[in-house]
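# Survey of secondary and tertiary structure
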Amino acid sequence: MKIIFASAHDTDSEPWIKPLQALVPTAEFQNWDEHGPTIGAQLAVVWNPPADIFLRESKLEAIFNLGAGVDALFRLPGLKDDTPIVRLEDAGMAVQMAEYAAYALLRASRQFDAYEALQNTQFWTPQPDIDRRKWPVGVMGMGVMGARVAQTLASFNYPVAGWSRSGNDLPGIAQFVGRHQLSAFLGRTRVLINTLPLTDETRGILSRQNLLELQPHAHIVNVGRGEHLIEEDLLALLDSGHIQGATLDVFRQEPLPQDHPFWRHPRITLTPHVAAASLREESIEQVAEKINRYLRGEPLTGVVARSKGY
Ligand code: NAP
Ligand code: GLV
């Protein structure tokens, strides 16, 4: 059993391959070599792999993705419709996502952004006390990431609602389901946190039309994918004042081009796609466990439903 390893984010593959090899001793791991021969691998462990990987390694029986989102794989030529794709489930990402969302929410609601600016003036200027009822949070996507985000923010007593395709009934979280409840969900939300996967159904969902339904002085937190957001619509709504601020981790083009208007926008806080990183130790442990289950013919969790795209 040959397993190809290909990760765009790691120039040094050894810290991944060595422990994977130790945990899956019956297989032979090989790092992707763009100039090397095709190895005829049966399995692949990938994160943003090179564009020709599925054309060159055409015998793959299954693909293990070192991240939660699998949208990048669907863009690659040669990916067969019936090759199972297995994604990471949490593996230390959900708590990072919750931290990120909490930071973005608290920075706006507790006015840390205002205090940062006020410190420069050297004036002791307490701002009005917080009224959490004025900060209703809406989480788009109530899967592994969204559920953790929603529960964390609800634990700070913010009114929190979740929106998903099929529902996730969590104590203390108002539940909205499907397109027919999207409008009601947006209408009760001021801080919108997007944790959706990128699919044909969700691309462009953070559009002018939808964002206008949010409560006034809204704040957008995008930790899903850049293509969820219509960037020009956000800029226009920031200008009009309907949106007060945005915290963005993901972008249509990554790295974000240096001349992109988001960099210098006074009401946008941005980070370079780091909201929830695939932590090496946790990811290796989970992927190795999944591969061993696959090799033993046991059922797997985290298998992407190809019809849904996530
Ligand atoms: P997940 O467990 O599969 O959850 C996806 C959620 O989105 C589910 O609740 C699903 O609804 C909902 N959903 C999907 N399509 C929908 C639609 N058309 N309408 C309404 N709800 C829809 O995935 P996850 O592990 O939470 O990860 C979610 C995404 O986060 C990833 O795909 C990735 O894009 C992003 N992510 C970003 C980072 C980062 O660093 N920025 C890190 C990790 C993940 P159901 O529950 O009904 O299926
Ligand atoms: C990161 O963006 C992931 O999808 O895991």
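Quick note: structure is the one above.
Described below are features of the structure shown in this document. The structure presented is a predicted model; accordingly, all values stated were derived computationally and were not measured.

### Section: the nonpolar core
Ranked by internal contacts, the top residues of the largest apolar core, which has 49 residues, are Phe29, Val45, Val137, Leu153, Ile193 and Ile291. With nine residues, helix α4 (residues 93-109) is the single largest residue contributor to this core. Looking at this core, you find at least three residues from each of domain 1 (2-91 + 278-295) and domain 2 (93-270). Residues in contact with Ile291, not counting those within four places in the same chain, are Ile3, Val24, Phe29, Leu43, Val45 and Phe64. Among the nonpolar cores identified, the runner-up in size contains 27 residues, and Met140, Leu196, Ile205 and Phe262 belong to it.

### Brief notes about the site of ligand 2
Around ligand 2 sit Trp47, Gly67, Ala68, Gly69, Met93, Arg225 and His273, and those are all the residues in its vicinity. Ala68 has a polar backbone atom sitting 2.7 Å from an oxygen atom of ligand 2. Across the shell around ligand 2, the residue classes tally to three nonpolar, three polar and one charged.

### Considerations on the pairing of strand β7 (residues 160-164)
For β7, a buried count of five out of five residues is recorded, marking the element as mostly surrounded by other parts of the structure. Here β7 shows a buried face lined by Val160, Gly162 and Ser164 and a second buried face lined by Ala161 and Trp163. Looking at chain direction, strand β6 (residues 137-140) and β7 are connected through four bridges and run parallel. Bridge pairing in β7 links Met140 to Trp163.

### A word on the packing of helix α1 (residues 14-23) against helix α10 (residues 280-295)
At a minimum axis separation of 10 Å, α1 and α10 run at an interaxial angle of 40 degrees. On the basis of the axis angle, α1 is oblique to α10. As for how α1 packs across α10, the hand of that crossing is right-handed. Contacts from Pro15, Trp16, Pro19, Leu20 and Leu23 in α1 reach Arg280, Ser283, Ile284, Glu285, Val287, Ala288 and Asn292 in α10. Its residues assigned to classes, the contact of α1 with α10 comprises eight nonpolar, two polar and two charged.

### Things to note about the site of ligand 1
For ligand 1, the set of nearby residues contains 28 residues, the closest of which are Met142, Met145, Ser166, Asp249 and Tyr310. One of the side-chain nitrogen or oxygen atoms of Arg87 is found 2.9 Å away from an oxygen atom of ligand 1. Take Arg165: an N or O atom from its main chain is 2.9 Å from a nitrogen atom of ligand 1. Starting from 940 Å² of accessible surface for ligand 1 in isolation, the protein chains cover 92%.

About the criteria used
- Residues numbered from 1 in each chain as written.
- Chains lettered and ligands numbered in written order.
- Predicted model: local features only at pLDDT ≥ 70, side-chain atom pairs only at ≥ 80, totals over all residues.
- Heavy atoms only, no water.
- Core = buried A, V, L, I, M, F, W, Y, C linked by side-chain atoms within 4.5 Å.
- Buried < 20%, exposed > 50% of the residue type's maximum accessible area, 1.4 Å probe, protein only.
- Helix = DSSP H or I, 4+ residues; strand = E, 2+ residues; numbered from the N terminus.
- Domains from an automatic or database assignment.
- Contact = heavy atoms within 4.5 Å.
- Near = heavy atom within 4 Å.
- Polar contact = N/O pair within 3.5 Å; in protein donor to acceptor, adjacent residues only side chain to side chain.
- Nonpolar A, V, L, I, M, F, W, Y, C, P; charged D, E, K, R; others polar.
- Pairing = 2+ DSSP bridges.
- Axes fitted to C-alpha atoms, helices over the stretch in contact; angles between N-to-C directions.
- Parallel < 35°, antiparallel > 145°, perpendicular 65-115°, else oblique.
- Left-handed = near helix turned anticlockwise from the far one by under 90°.
- Areas by Shrake-Rupley, 256 points an atom, 1.4 Å probe, with all protein chains shown as cover.

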